[in-house]
Amino acid sequence: MALKTWKELPIGCVVSEPGSASEYHTGSWRSQRPVWNDAKCIKCGICYVFCPEGCVQQGEDGFFKANLDYCKGCGICAHECWPKAIEMVEEE
Amino acid sequence: MGKRMGMEVAMAVAEAVGLCNIDMAAVYPITPQSHIAEHLSDLVANGEIDAEFVTVESEHSAMSAVIGASGTGARSYTATSSQGLMLMHELLPIASAMRLPICMAIANRAVSGPLNILNDHTDIMPQRDSGWISMFVENGQEAIDMSIIAFKIAEHKDVMLPVNINIDGFQLTHMVEPFEMPTQEEVNQFLPPFVPHATLHPAKPVTMGAFAMSDYFAEIMKAKDEALKNSKKVILDVWDDWAKIFGRTYKPVETYMADDAEILMLTMGSMGETAQVAIDELRAKGIKAGLVKLRLWRPFPLEEIKAVLKNTKKLIVTDRAISFGGPGGPVFSEIKSALYAEAQRPLIYNYIYGLGGRDVPVPDFVGMFEKVLADTAGKLADSYEFWGVRE
C-alpha cells in the first residue's frame, strides 16, 4: 500500500471502507518471525489459541503457521508452545 | 434589523446560540459559565429550541458527548470555564483532529490553585496547541455576534474545525449590557445548514478517530496545521458576510488610535475597553499612544500583527496568564517570535496583570504607559513584570 501524502488524507482521517484494517499489514513491525518445526508439533493448537493477533492458522495437514502480513513477532506462540516446536528467528 | 435590548451577557449568549438551530448541547455548569448552561437548558425545556440538552456528569463527558454528536452530523454546542476546560483538555485535540465543527464558549476564569472563580486567561492559554480556532471578545455584543459567527466558520467545508469563543468571566458574562440581538430571519439568512464531511450512520459505516502510527502521524499533524492556518481566509470572509447583514465589522487584529502612535499597547478580551479610556487620557496629554486588540488567537494572525506593529517604537504586551519559569507571558512570547525576523522592531515590554480577577482600572493602564515612556534607555524591554504585585 503506497503511503499517502498529507494532501491526500481524507478530512479528519475518516476511514470510509469497513474492514479496511486488513489492508494495513502490521507484520511490517516485526523483528522476529515464528518458525514451526512440524516434527515436534503435536497439533494441540495452543499457538492458535494464544496468538493475540489471531494470525495463526491451521493448514489442511493439521499443522500451524502464522500469516506474516499480520504477525508482529511478539513470540507468545513460541513461549506457550510446550513441545517447543516454535522458534523465533531474527528477520533479516 | 435586530432587536435592541438589555440582558446579562451569559444569558444573551445562550439566546444567540438558540437562534443557530443547534441539534444538541452538552453543558456542565461551572462558575462563571453557569448562566449560559442554565439559560440554554431553559430554552430547550420550554420548547423554544428543538434540540437535545444532555445533562452530563462532568466537562470531560460534555466534550465527549459533543464529539459523538458532531460525528453523527448534529450541530453541537458546549460551554465551560477554568477547571472544566482543564478537564476537557485531553479531548480538545481529538475534536480538532476529527475535524468536528463543535462550538464552545469559554467564560474565562483563573485556573486553580489556589481556588479562584474570577477572571483571567490562565484557562485558555494551556489549550493553545489543541488545534481549535480560538477568538476573544471584548463586550456583550461581540459575544453574541461571535457565538453565531462561530458555527458558520467551523462548519465551512474548507474549515471543519472546532471553535472556542473566549468571553471574560464576570467582567463580561455577568454584566447586563445593551446590545442588538439578531432576529431569527437574519440568522437564517446568515447561517446555512450544517453539511458534515462524514457522519456516523449504520447505513454507511465509517470509522472516526482511528489509530495511526509513525508512518502517518506526521502527515496527519501537517494536514491539521494547514487546515487551521487556511481557516483564516474563511474567517475573514465570514466576518465580511456578517458585516454585510449586521453592519458590525470584525478583524483578526483591531486597533484604536494606532495609525500615528509611537507607543502601542496590546490587549485581549474585555481589558481593551478600559485601555481605550487610558489612551484617550494619554492623547489629551499629547502622548501618541495607541491600542492593538488581538481578537484572533488561533490561527495566529501573523501578517496582520506585523503590519500593525511595523512603525511603532515601543510596544507593551499585556498578558493575563503566566508561563511559569518561561520567557514571559504567552502572548508576549508569541508577539516577540512574530517580530523576530523583522528588520525594524519595537522595544517590547510585558506586563502580567488582572490575575484571578484583580481589578485593573484606567490609572493602571496609564501607569504602564508612563513607566515604559520613562524607560528611555530601553532597560526594561524584553522582560516581564507582574503589574501591581505587592513587593
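Residues numbered from 1 in each chain as written. Chains lettered and ligands numbered in written order. Predicted model: local features only at pLDDT ≥ 70, side-chain atom pairs only at ≥ 80, totals over all residues.

A. Structural detail: the overall build of chain B. Counting its regular elements, chain B contains twelve helices and 15 strands. Scaling as 2.2 N^0.38, a compact globule of 391 residues should have a C-alpha radius of gyration of about 21 Å, and chain B matches this with 21 Å. Long-range pairs, those at least 24 residues apart, make up 81% of the contacts in chain B with a sequence separation of at least 6. (Helix = DSSP H or I, 4+ residues; strand = E, 2+ residues; numbered from the N terminus. Rg over C-alpha atoms; globule rule 2.2 N^0.38 Å. Contact = placed C-beta atoms within 7 Å.)

B. Representation of the pairing of strand E4 (residues 76-80) of chain B. All names here are of chain B. Across the five residues of E4, five count as buried, placing the element largely inside the fold. Here E4 shows a buried face lined by Ser76, Thr78 and Thr80 and a second buried face lined by Tyr77 and Ala79. Of the pairings in the sheet, the one linking E4 to strand E5 (residues 103-108) comprises four bridges and is parallel in character. Residue pairing for E5: Thr78 is matched across the bridge by Met104. (Buried ≥ 20, exposed ≤ 12 C-beta atoms within 10 Å, placed from the backbone. Pairing = 2+ DSSP bridges.)

C. Up close: the sheet that holds strand E14 (residues 347-352) of chain B. All names here are of chain B. Strand order in the open sheet formed by six strands is E9-E11-E10-E13-E14-E15, with mixed pairing between adjacent strands. In this open sheet, the two strands that pair with only one neighbour each are strand E9 (253-256) and strand E15 (384-386). Going from strand to strand, the sheet's axes swing by 25° on average, the running direction of each strand aside. Taken strand by strand, helix H9 (residues 271-284) contacts E9, strand E10 (263-267), strand E11 (289-294) and strand E13 (314-319), and its axis lies near 165° from that of E11. (Axes fitted to C-alpha atoms, helices over the stretch in contact; angles between N-to-C directions.)

D. A look at the domain arrangement of chain B. Residue and element names in this part refer to chain B. Domains assigned within chain B are domain 1 (3-246) and domain 2 (253-386). Each of domain 1 and domain 2 was reduced to a C-alpha centroid, and the two centroids are 28 Å apart. If you look at the interface, domain 1 gives 28 residues, while domain 2 gives 20 residues. Contributions of two or more residues to the side of domain 1 that touches domain 2 are made by strand E6 (133-136), strand E7 (163-168) and helix H8 (217-246). Top element by residues in the side of domain 1 that touches domain 2 is H8. It accounts for five residues. The class makeup of the residues in the side of domain 1 that touches domain 2 is twelve nonpolar, ten polar and six charged. (Domains from an automatic or database assignment. Nonpolar A, V, L, I, M, F, W, Y, C, P; charged D, E, K, R; others polar.)

E. Looking closely at the packing of helix H6 (residues 140-155) of chain B against H8 of chain B. All names here are of chain B. In contact at an axis separation of 10 Å, H6 and H8 are set at 130° when each is read in the N-to-C sense. Judged by the inter-axis angle, H6 sits oblique to H8. Relative to H8, the crossing made by H6 is right-handed. In this structure, H6 uses Asp145, Ile149, Lys152 and Ile153 to contact H8, whose residues at the interface are Val234, Ile235, Val238, Trp239 and Trp242. For the contact of H6 with H8, the residue count by class is seven nonpolar, no polar and two charged. (Parallel < 35°, antiparallel > 145°, perpendicular 65-115°, else oblique. Left-handed = near helix turned anticlockwise from the far one by under 90°.)

F. Structural view of the interface of chain B and chain A. The interface of chain B with chain A comprises 17 residues on the first partner and twelve residues on the second. If you tally residues by element for the side of chain B that touches chain A, the top one is H8 of chain B, at four residues. By residue class, the composition of the side of chain B that touches chain A is eleven nonpolar, two polar and four charged.

G. Summary view of helix H11 (residues 330-339) of chain B. Along H11 of chain B, the positions that sit buried rather than exposed are Pro330, Val331, Phe332 and Ile335 of chain B. In this structure, the buried residues of H11 of chain B make contact with E10, E11, helix H10 (302-309), E13, E14 and E15 of chain B.

H. Quick look at the nonpolar core. Among the nonpolar cores identified, the biggest contains 126 residues, and Val13, Ile36, Leu264, Leu266, Ile316 and Phe369 of chain B are the most heavily contacted of them. Considering each element in turn, this core owes the most residues, nine residues, to H6 of chain B. Structurally, this core is a two-domain feature, drawing no fewer than three residues from each of domain 1 (3-246) and domain 2 (253-386) of chain B. Aside from chain neighbours lying at most four places away, what touches Phe369 of chain B is Ile263, Met265, Ala278, Leu282, Ile287, Ala289 and Ile316 of chain B. Listed in part, the eleven residues of the second largest apolar core include Tyr70, Cys77, Ala85 and Ile86 of chain A. (Core = buried A, V, L, I, M, F, W, Y, C linked by C-beta atoms within 7 Å.)

I. Quick peek at the confidence of the model for chain B. For chain B, the mean per-residue pLDDT works out to 97, and 100% of the residues sit at or above 70. With pTM at 0.93, the complex prediction returns an ipTM value of 0.89. (pLDDT = per-residue confidence, 0-100.)

J. Inspection of the sheet that holds E5 of chain B at higher detail. Residues and elements named next belong to chain B. Taken in spatial order, the seven strands of this open sheet run E3-E2-E4-E5-E7-E6-E12, and their pairing is mixed. Looking along the sheet, the strands with just one partner apiece sit at the ends: strand E3 (52-54) and strand E12 (296-298). This sheet shows a mean twist of 20° between the axes of neighbouring strands, independent of strand direction. Note: E5 against E7, six bridges, orientation parallel. Considered in E7, the bridge of Ala107 is made with Ile167. Set on the sheet, helix H3 (residues 59-71) makes contact with strand E2 (24-26), E3 and E4; between it and E4 the angle comes to about 165°. In this fold H6 packs onto E5, E6 and E7, with an angle of close to 170° to the strand it touches most, E7.

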